[in-house]
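Chain by chain, the residues run as shown.
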Amino acid sequence: MATKTNSPFTANDIPSQQGRRVLITGANSGIGYETALELARRGAEIILPARSLDKANEAIKRIRREVPSASLTPGILDLASLASVRAFAASIAERLPGRSLDLLINNAGVMSVPQRELTVDGYERQFATNYLGPFLLTSLLYPQMKQERGTRIVTVASGVSNQGKIEFDNLQSERVYKPMFGAYSQSKLADLIFQLELQRRLTAAGSPILSTGAHPGYAITNLQTSGPAGASPLSFRIMEMILKPLASQDAHHGALPTLFAATSSAATSGGYYGPSGFQELKGHPVPAKIAPAAKDLNLANRLWTETERLTGATFTF
Ligand SMILES: NC(=O)c1ccc[n+]([C@@H]2O[C@H](COP(=O)([O-])OP(=O)(O)OC[C@H]3O[C@@H](n4cnc5c(N)ncnc54)[C@H](OP(=O)(O)O)[C@@H]3O)[C@@H](O)[C@H]2O)c1
C-alpha cells in the first residue's frame with residue numbers, strides 16, 4: 001500500500017507484513033514494544049530478544065493479549081556484551097533457514113547512565129549498548145537478510161545526535177564522562193553515522209537492502225528512568241520538567257517514525273525520520289534533521305574502521 005503523501009502517517013498506513021520475518025531489539029519496553037505490537041497486528045512474524053527470557057516472554061504475553069494470533073519468538077540478547085551478541089546471532093543462524101530475515105530494527109538503548117560504567121568487554125556502557133552491540137549484531141545477522149527489495153535495516157538514533165561529537169580520544173569516556181550530552185549523544189550520533197554509512201556500503205555493493213533510521217522525539221518510556229535511575233543531571237531534569245507537559249508524546253506515537261522507516265513505501269534509501277513538531281519532539285513522522293557531523297564521509301570511514309577493531313565485526317557485503 002502506498003503511503004499518502006499529504007496526510008500524516010499513522011499505524012493504519014503500515015502495509016501488510018504477512019510473510020515478513022522481523023527481528024527487533026528492545027521490544028519488551030517503550031518504543032520497541034509499540035513497534036512490535038503494530039507489526040504483529042499487520043501479520044509480521046517477530047523475533048524479540050530481551051536481556052532475559054522472562055522479559056521477552058512477558059512482552060509476548062502482552063502482545064498476544066492484543067493480537068492472539070501473533071507469531072512471536074523470544075530470545076536472550078545483552079547488547080552490552082559482545083559474547084552475548086555473538087551467541088544470540090549464532091542461535092538465529094541455527095534457527096533460520098538461510099536468508100530469511102526481512103527486517104532488522106536496532107531499537108534497544110540506554111540513556112544517561114549516571115556514573116561511567118564499563119561493560120564486560122571494558123567499553124563505556126552507553127557506547128557499547130547503543131552502538132557497538134548493534135553494529136556487531138547487524139554484521140552477524142547480515143548473511144541472514146534477504147537480498148531483495150523490501151528488506152530493511154532500521155537504526156534508532158536520537159534528536160540528541162545533533163549535540164553529539166565523535167571524540168576518538170574519548171570514545172569510552174576515558175578522559176571525561178558526561179552522561180547525557182557526552183556519552184549518550186556520542187552513541188546516538190554514532191548510530192546515525194552507521195545508518196548512513198551502511199547505506200553507502202550497501203549501495204556500493206549493489207545490494208537492494210535499505211538502511212533507514214528514525215528517532216522518536218521525546219516519548220515517555222522507561223528510558224528516562226532506567227538509565228538515569230533518578231540521578232540525571234540537573235540541566236536534564238530542568239529541561240524534562242519544562243518539556244514533558246508541553247512537548248512529549250506517548251510511546252505509540254514515538255514508535256511511528258520507526259514504523260515509517262521500517263515499512264513505508266515513501267521511505268527512501270538512507271532516509272532518517274523523526275516527529276514533525278517543534279524541535280522534532282513530537283508529531284507525525286517526517287524527514288528529520290541530520291547533524292552535519294553525520295554527513296562527514298571521512299569521519300564515517302574512520303568510525304567504521306575503529307568499530308570493526310573494537311568489536312571484531314566484519315561485514316561481508
Ligand atoms: N524515549 C525517547 O524519548 C527517546 C528519544 C530518543 C531516542 N530514543 C531511543 O529509542 C530507543 C528505545 O528507547 P525507549 O524510549 O523505548 O526506552 P525503554 O522503554 O527504556 O526501552 C529500551 C529497551 O532497550 C533495552 N535494552 C537496554 N539495554 C540493553 C542491553 N544491554 N541489551 C539489550 N537490550 C537492552 C531495554 O531492555 P530492559 O527492559 O532490559 O532494560 C528496553 O527493552 C533507544 O535506542 C533510545 O535511545 C528514545
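Sequence order sets the numbering: in each chain, residues are counted from 1 along the sequence as written. In keeping with the predicted nature of the model, local features appear solely for residues at pLDDT of at least 70, side-chain atom pairs appear and are counted solely at 80 or more, and the whole-chain, interface and lining totals rest on all residues. Where side-chain values are given, they derive from all heavy atoms of the structure, hydrogens and water being excluded.

**Student:** Sorry, what's going on with helix α7 (residues 234-247) here?
**Tutor:** Because each turn of an α-helix spans 3.6 residues, side chains separated by three or four positions end up pointing in the same direction. Between its first and last C-alpha, α7 extends 19 Å over 14 residues, near the 20 Å set by a 1.5 Å rise per residue. Those residues of α7 that are buried lie in contact with α5 (179-204) and α6 (223-226). Only DSSP runs of H or I reaching four residues or more are called helices, and only runs of E reaching two or more are called strands; each is numbered from the N terminus. In this analysis, the expected span of each helix is defined as 1.5 Å times one less than the number of residues it contains. Every residue pair with non-hydrogen atoms within 4.5 Å of one another is taken to be in contact.

**Student:** So what exactly am I meant to see when it comes to the nonpolar core here?
**Tutor:** A general tendency of soluble globular proteins is for nonpolar side chains to be buried together. Judged by nonpolar contacts, the single largest core of 48 residues is most densely connected at Leu-23, Tyr-131, Leu-141, Ile-166 and Ile-193. The set of elements that each furnish at least two residues to this core consists of α3 (82-95), α4 (125-141), α5 and α10 (297-311). In this structure, Leu-23 is in contact with Ile-47, Pro-49, Phe-88, Ile-92, Leu-101, Leu-103, Leu-104, Ile-105 and Leu-141, ignoring residues within four places of it in sequence. Counting 37 residues, the second largest nonpolar core, distinct from the first, contains Ala-59, Leu-72, Ala-255 and Ala-261. Residues grouped as a nonpolar core are buried Ala, Val, Leu, Ile, Met, Phe, Trp, Tyr and Cys residues, joined through side-chain atoms within 4.5 Å. Think of it in three bands: residues with accessible area under 20% of the maximum for their type are buried, residues over 50% are exposed, and the middle band is partly exposed, with areas taken using a 1.4 Å probe on protein chains only.

**Student:** What am I meant to see in the site of the ligand here?
**Tutor:** When we say a residue is near a molecule or strand, we mean one of its heavy atoms is within 4 Å of it. Close to the ligand lie 29 residues, the nearest being Asn-28, Ser-29, Lys-55, Asn-107 and Thr-221. The backbone of Asn-107 places a nitrogen or oxygen atom 2.7 Å from an oxygen atom of the ligand. In this structure, Gly-109 approaches the ligand through a main-chain N or O atom, which is 3.2 Å from an oxygen atom. Sorting elements by how many residues they give to the shell around the ligand places α6 first, with three residues. Counted as a polar contact is a pair of N or O atoms within 3.5 Å, where, for protein atoms, one must be capable of donating a hydrogen and the other of accepting one, and residues adjacent in sequence contribute only when both atoms are in side chains.

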